[in-house]
Amino acid sequence: MEQAIAFRVQEHGRPALEVRVNFGLFAGRNATQAEIDDLARLLSDEVNSFSVVAEERHEFGGDVETSVRQVVIEIPQRGVDAERVLAVAEQWARDCIHARSELGELGSEL
């Protein structure tokens, strides 16, 4: 049996909490694997189970083409302190951006 390279995903329910971090907009780059690992360590202090997706998304339509690099945090369980998760994600992103000296003016705006 041959493995499929592309496959259709069955519909599924949305996570109870989804936080999107516009990382690329402010950092001018994708988050590194080490940075994502750092985020996972920080989040594990707040929630038991979660997914982190680092994506580069391209959207096309009419005369518009958009590219977005973001980090998505998906938390399946309800009752999680959403404000705390947002604060952790925000501080993580700021720390990552400030840690990279090559950002120039973009990094200093945060």
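Check the entry above for the structure.
Residues numbered from 1 in each chain as written. Predicted model: local features only at pLDDT ≥ 70, side-chain atom pairs only at ≥ 80, totals over all residues. Heavy atoms only, no water.

Novice: Looking at this structure, I do not really get the pattern of salt bridges. What am I missing?
Specialist: Side-chain pairs of opposite charge can arise whenever the charged atoms involved come near each other. Taken as a whole, this structure holds nine salt bridges when the rule is applied. Notably, a salt bridge pairs R20 with E18, separated by 2.8 Å at the nearest N-O pair. Between E55 and R20 there is a salt bridge, and its shortest N-O distance comes to 3.3 Å. Here the residue E55 occupies a position in strand β2 (residues 51-61), and R20 occupies one in strand β1 (residues 17-21), the gap between them amounting to 35 residues. The network of salt bridges with shared partners includes R14, E18, R20, E55, R57 and E59. (Salt bridge = Lys/Arg side-chain N within 4 Å of Asp/Glu carboxyl O. Helix = DSSP H or I, 4+ residues; strand = E, 2+ residues; numbered from the N terminus.)

Novice: What's the story with the sheet that holds β2 in this structure? I'm lost.
Specialist: Hydrogen bonds between backbone groups are what pair the strands of a sheet, and the pairing can be parallel or antiparallel. Read across the sheet, three strands follow the order β1-β3-β2 without closing on themselves; strand pairing throughout is antiparallel. This sheet does not close on itself; its edge strands, each paired only once, are β1 and β2. For this sheet the average axis-to-axis angle between neighbouring strands, irrespective of direction, equals 35°. Bridge count for β1 against strand β3 (residues 64-75) is five bridges, and the pairing is antiparallel. (Pairing = 2+ DSSP bridges. Axes fitted to C-alpha atoms, helices over the stretch in contact; angles between N-to-C directions.)

Novice: Got a minute to help me understand the nonpolar core in this structure?
Specialist: Nonpolar side chains tend toward joint burial in soluble globular proteins. Counting residues in hydrophobic clusters, the biggest one holds 20 residues, and the most contacted among them are V19, V21, F23, V71, I73, V85 and W92. Listing elements by their share of this core, those giving two or more residues are β1, α1 (23-27), α2 (33-44), β3 and α3 (82-99). Ranked by the residues each element gives to this core, the list is headed by α3, at seven residues. In this view, I73 contacts L17, E18, V19, L39, L43, S51 and A89; residues no more than four positions away in its chain are not counted. (Core = buried A, V, L, I, M, F, W, Y, C linked by side-chain atoms within 4.5 Å. Buried < 20%, exposed > 50% of the residue type's maximum accessible area, 1.4 Å probe, protein only. Contact = heavy atoms within 4.5 Å.)

Novice: Looking at this structure, how should I read the side chain of R29?
Specialist: By the secondary structure assignment, R29 is in the loop between α1 and α2. In this structure the side chain of R29 is engaged in a polar contact, spanning 3.4 Å, whose partner is the backbone oxygen of C96. Contacts of R29, omitting those with residues within four sequence positions, involve F23, G24, E35, R69, C96 and R100. (Polar contact = N/O pair within 3.5 Å; in protein donor to acceptor, adjacent residues only side chain to side chain.)

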